[in-house]
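# Coordinates in review
Okay, here's what each chain looks like letter by letter:
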Amino acid sequence: MRSSPRAEPKGTGEGKSRVGLPLLFWRPFRRRGRKEEWIAALGFLSIGLLLIVLFVIWPSIRTIWFSLFDSEGFAGVRNFARLFGDREIVDLGRFLRREPPWGALLHNFVWILVHLPVSVGLGLILAVVFSKIRSWWVGIARGAIYLGIVTPLIVGGVIIRFLFDKHAGMAPQILGALGAPTPWSAGWTAYPETALLALVIGSIWLWTGFSMVLHSAGLSTIDRELYEAAQIDGASELAQFRYITLPLLRPVTLVVAAMTFLWELKIFDIVYVATMGGPGGASNVLALEMYFSAFRELDPYRASAIATLITLFSLPVGYWFARRRLRR
Amino acid sequence: MRSWWRVLGVLLGVSVLFVGAWAEKLIVIGPWSGAEADPFVAVLDAFKAKTGIDYEYRTMRAEDLSKVLPAQFSAGMAPGDVIFMWGWWIAKFADHMADLSAVVADVPFAYVDPLVVGGRTVGVPYVVFVKPGFWYRKSFFAEHGLQVPTSWPDFISLLKRIKAIPGIEDAAASGDGVGWPLSDTTEHFILAYGGVNTFLGLTEGTIAWESPEVRAVFADYLVPYLDYASEPIEWTSALDLWWEGKYGIYFMGNWITGMVDDPNDLGVFALPGAKAVTGGPDIFFVPKYSKRLEDAVKLASFLMSKEGQERRAAGGGKLVVRADVSPTAYPPAERALMKALEGFTLVSDMDDTIGGEWQATFWDQLKLLWVKPDALDDVLRVLDEKFPKG
């Protein structure tokens with residue numbers, strides 16, 4: 001059946017290459033061509049847009065602007081050059097020798113490298129496993145895992161601190177009973193070798209629920225007939241997962257991965273509460289370094305440069321995410 | 001329809017009453033909570049009874065206030081009427097503080113002076129905390145036949161004897177807040193074995209942390225002590241563990257007297273050879289944006305009056321700043337402490353005086369040193385690098 005010209009106007013087709021930000025506004029209105037709808041839409045959006053401009057866009061522009069200055073005046077990109085020469089941000093030498101601290105930026109990258117695949121993968125596996133089990137405890141288990149995501153991160157940080165505490169912590173106690181040496185049997189957050197790892201493990205617990213819930217929702221949209229057909233064809237459980245579940249959940253997995261990446265990049269609360277970036281900067285991250293610059297050093301320029309850096313790193317993912325939403 | 005109007009009227013009335021009651025209260029913000037706040041709240045209650053001015057006490061650490069206040073000041077606002085904050089921070093934001101010169105005009109200060117910037121009194125020391133040394137339970141020492149050390153070898157020998165006691169995890173507990181109890185311990189070592197001049201030189205930035213005399217204090221005294229000290233443990237947990245007998249001694253400030261079950265079982269000793277101890281004031285300011293400036297000044301005057309100071313002294317845990325408050329105003333534990341401090345010079349706490357990012361770095365580097373004593377040279381280098389320039 002052919003689409004009518006009105007339903008598929010010239011120049012606003014669904015081709016991927018032409019999808020972009022302007023379409024968000026243009027497509028529906030060009031299709032309908034009604035000025036009143038424009039006015040009504042702007043009316044509805046105006047308060048929200050105004051708030052976004054005032055509290056997101058304007059402060060962002062100011063922050064970027066500030067990052068180009070220092071206490072002596074215009075500094076261009078000098079603040080950024082200083083950041084990359086600062087051992088607190090990047091210490092490649094120690095990183096290569098595997099002696100923490102490696103600098104806030106590298107800590108963020110390590111965090112992403114470990115946390116992203118584990119929390120996304122674990123959430124996916126849990127969602128699939130729970131979807132296959134029909135038992136009374138599945139709901140409880142789901143709820144318990146999801147608890148991490150509804151727990152305020154400040155509280156999460158306190159829990160992590162005690163989870164890895166020498167006396168109260170489960171992990172050091174178990175490892176100590178198994179004969180593990182210090183620091184594994186001591187307070188993980190007190191030692192530079194284990195502090196970052198403790199935070200990453202704690203954050204996996206906090207975030208896996210998010211991945212699990214989104215994947216569970218994605219699973220419920222997959223047509224059961226696909227699995228039935230595969231079973232008739234003799235496909236194993238693993239083959240069904242590999243060739244049906246994984247590809248059909250791909251959009252959800254990508255969204256979860258993008259959100260997780262952004263969350264990891266701006267991680268602050270749990271570090272602030274559990275270790276304050278220590279000991280000796282071994283668990284410092286960019287957002288905490290920004291905080292120290294702004295509220296301890298009282299240096300808004302360095303803090304703005306770090307904030308801009310975080311924005312620059314998150315921009316590609318944010319852009320991809322926005323494009324994806326628009327395409328849908 | 002009429003019933004709707006009634007409901008609306010009642011809601012409006014309740015809202016007005018609620019907002020009115022809320023707005024009437026004088027907001028006091030301090031760092032203490034729980035048992036530590038009780039003596040201060042008792043003073044506020046006395047103020048309320050005397051003047052009829054109602055108050056609301058809110059707990060906020062200086063760390064948290066430092067995030068809130070700059071933005072509020074920029075908007076010409078303040079979250080409270082009387083606020084306790086770091087001294088170095090008050091000095092940096094002096095333009096936003098009300099002048100309290102009249103409040104302190106007749107106050108005979110004993111340990112510290114008010115914070116004056118540009119001829120205006122912007123911060124008023126209310127109480128003083130002292131870090132007198134290592135606390136022990138008299139019953140624990142008596143049970144195990146332990147004596148207060150009189151020399152450095154004595155001190156090491158004491159640590160060895162405590163560590164050998166069955167059930168003891170480490171001779172000394174190391175409390176960790178965000179690192180500050182470790183800084184207190186370190187400052188005590190510097191004062192005892194580097195001397196007051198070295199201590200003041202480090203505070204003022206005229207002596208480097210990597211200088212031989214400072215390094216010697218760390219290498220010859222602090223690092224050997226760390227062999228007998230626990231890793232940093234959250235300081236209130238450490239207090240409980242020490243009190244239960246998992247550790248023999250615990251370095252902490254005098255506020256500990258208000259936090260243990262039996263203050264009369266407490267004993268304290270400074271490191272052998274120490275002639276000075278560190279201490280510092282809890283300082284308050286009144287923001288010039290206070291909506292109840294007059295009442296805030298009234299409260300400030302009451303807090304600094306002889307009556308207000310005597311009431312606070314009776315609560316224990318801190319020493320008040322007025323010189324005319326008699327030692328008999330204090331509970332027995334504080335009286336004993338004052339006696340123990342006779343002959344000692346009180347020096348301003350180093351990290352609180354320097355403040356800023358260096359303070360956080362100092363805390364953090366000491367947390368590293370505590371678990372990695374072989375990182376001493378790195379720690380000293382970072383402390384030099386991070387010291388405020390100019």
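Residues numbered from 1 in each chain as written. Chains lettered and ligands numbered in written order. Predicted model: local features only at pLDDT ≥ 70, side-chain atom pairs only at ≥ 80, totals over all residues. Heavy atoms only, no water.

## Digging into the overall build of chain A
Across its full length, chain A holds 14 helices and two strands. Classification of the 328 residues of chain A by burial places 42% in the buried group. Partitioning the intrachain contacts of chain A with sequence separation of at least 6 by distance along the chain shows that 61% fall at a separation of at least 24. Of the accessible surface of chain A, which amounts to about 18200 Å², a share of 68% is contributed by carbon and sulfur atoms. (Helix = DSSP H or I, 4+ residues; strand = E, 2+ residues; numbered from the N terminus. Buried < 20%, exposed > 50% of the residue type's maximum accessible area, 1.4 Å probe, protein only. Contact = heavy atoms within 4.5 Å. Areas by Shrake-Rupley, 256 points an atom, 1.4 Å probe, with all protein chains shown as cover.)

## Digging into the packing of helix α9 (residues 192-219) of chain A against helix α11 (residues 237-265) of chain A
Residues and elements named next belong to chain A. Remark: α9 packs on α11, axes separated minimally by 10 Å, with the N-to-C direction vectors making an angle of 145 degrees. Here α9 runs over α11; the crossing is right-handed. Across from Ser203, Trp207, Phe210, Ser211, Leu214, His215, Gly218 and Leu219 in α9, the residues of α11 making contact are Thr245, Leu249, Val252, Thr253, Val256, Met259, Thr260 and Trp263. Considered class by class, the residues forming the contact of α9 with α11 number nine nonpolar, seven polar and no charged. (Axes fitted to C-alpha atoms, helices over the stretch in contact; angles between N-to-C directions. Left-handed = near helix turned anticlockwise from the far one by under 90°. Nonpolar A, V, L, I, M, F, W, Y, C, P; charged D, E, K, R; others polar.)

## Side note on the sheet that holds strand β6 (residues 133-137) of chain B
Residue and element names in this part refer to chain B. Ordered in space as β8-β7-β9-β6-β10, the five strands form an open sheet in which the pairing is mixed. On the outer flanks of this sheet lie β8 (229-234) and β10 (266-269), each paired with one strand and no other. Strand-to-strand twist across the sheet, computed as the mean angle between neighbouring axes with direction ignored, equals 35 degrees. Pairing geometry for β6 and strand β9 (residues 247-252), over four bridges, is antiparallel. Each bridged residue has a counterpart across the sheet, and for Phe134 the counterpart in β9 is Phe251. (Pairing = 2+ DSSP bridges.)

## Comments concerning the interface of chain B and chain A
Each side of the interface is counted separately: chain B has 37 residues, and chain A has 29 residues. Here chain B packs against chain A, burying approximately 2500 Å² in sum over the two surfaces, 50% of which is carbon and sulfur. It is Lys67, Glu231 and Glu357 of chain B in chain B that bury the most area against chain A; as a group they hold 24% of the surface buried on that side. At the boundary of chain B with chain A, the tally comes to seven salt bridges. In this structure, the salt-bridge partner of Asp378 of chain B is Arg94 of chain A, at a minimum N-O distance of 3.8 Å. In this assembly, chain B and chain A are joined by 16 residue pairs in polar contact (both at pLDDT 80 or more). Mapped by element, the contributors of at least two residues to the side of chain B that touches chain A are α3 (62-74), α4 (87-92), β7 (170-176), β8, α11 (235-244), α16 (356-371) and α17 (376-386) of chain B. Considering each element in turn, the side of chain B that touches chain A owes the most residues, 10 residues, to α16 of chain B. (Buried area = accessible area lost by both parts, 1.4 Å probe. Salt bridge = Lys/Arg side-chain N within 4 Å of Asp/Glu carboxyl O. Polar contact = N/O pair within 3.5 Å; in protein donor to acceptor, adjacent residues only side chain to side chain.)

## Quick look at the confidence of the model for chain A
All names here are of chain A. Residues at a pLDDT of 70 or more form 89% of chain A, whose mean pLDDT is 87. The secondary structure element of chain A with the lowest average pLDDT is helix α1 (residues 21-32), at 52, and the one with the highest is helix α5 (residues 104-132), at 95. Residue range residues 1-23 is modelled with pLDDT below 50. Its contacts to residues more than four positions away, or to other chains, number 24 contacts. (pLDDT = per-residue confidence, 0-100.)

## Topic: the pattern of salt bridges
Applying the stated criterion to the full structure yields 33 salt bridges over all chains. Where Glu88 of chain A meets Lys386 of chain B, a salt bridge forms, and the shortest distance between an N and an O atom there is 2.7 Å. Linking Glu88 of chain A in the loop between α3 (78-84) and α4 (92-96) with Lys386 of chain B in helix α17, this pair reaches from one chain into another. For Arg311 of chain B, the salt bridge goes to Glu307 of chain B, with nearest N and O atoms at 3.5 Å. Here Arg311 of chain B pairs with Glu307 of chain B, and both are found in helix α13 (residues 306-315), just four residues apart, close to one helical turn.

## With respect to unusual backbone geometry
All names here are of chain A. Cis geometry marks the peptide bond from Pro100 to Pro101; its omega dihedral reads 5 degrees. In this fold, Pro101 is placed in the loop between α4 and α5. A cis geometry characterises the amide bond from Gly278 onward to Pro279, with omega recorded as 0 degrees. Along the chain, Pro279 turns up in the loop between α12 (269-274) and α13 (286-296). Of note in this structure, Arg98 is not a glycine but carries a positive phi near 55 degrees. Inspection of the secondary structure assignment puts Arg98 in the loop between α4 and α5.

## What about helix α7 (residues 152-163) of chain B?
Residue and element names in this part refer to chain B. The first and last C-alpha atoms of α7 sit 17 Å apart over 12 residues, in line with the 16 Å expected at 1.5 Å per residue. Along α7, the positions that sit buried rather than exposed are Trp152, Phe155, Ile156, Leu158, Leu159 and Ile162. Angular distribution of buried residues about the axis of α7 spans 155 degrees; they occupy a single face of the element. (Expected span 1.5 Å × (residues − 1). Arc of directions from axis to C-beta.)

## Some remarks on the domain arrangement of chain B
Domains assigned within chain B are domain 1 (2-129 + 281-331) and domain 2 (133-252 + 355-386). The C-alpha-based centres of domain 1 of chain B and domain 2 of chain B are spaced at 34 Å. (Domains from an automatic or database assignment.)

## A word on a negative patch on the surface
On the surface, Asp240, Glu244, Asp261 and Asp262 of chain B cluster together to form a negatively charged patch. Assignment of secondary structure puts Asp240 of chain B in helix α11. (Patch = residues over 30% accessible without salt bridge, like charges linked within 9 Å, V, L, I, M, F, W, Y side chains within 5 Å. Lys, Arg positive; Asp, Glu negative; His and termini not counted. Charge placed at Lys NZ, Arg CZ, Asp CG, Glu CD.)

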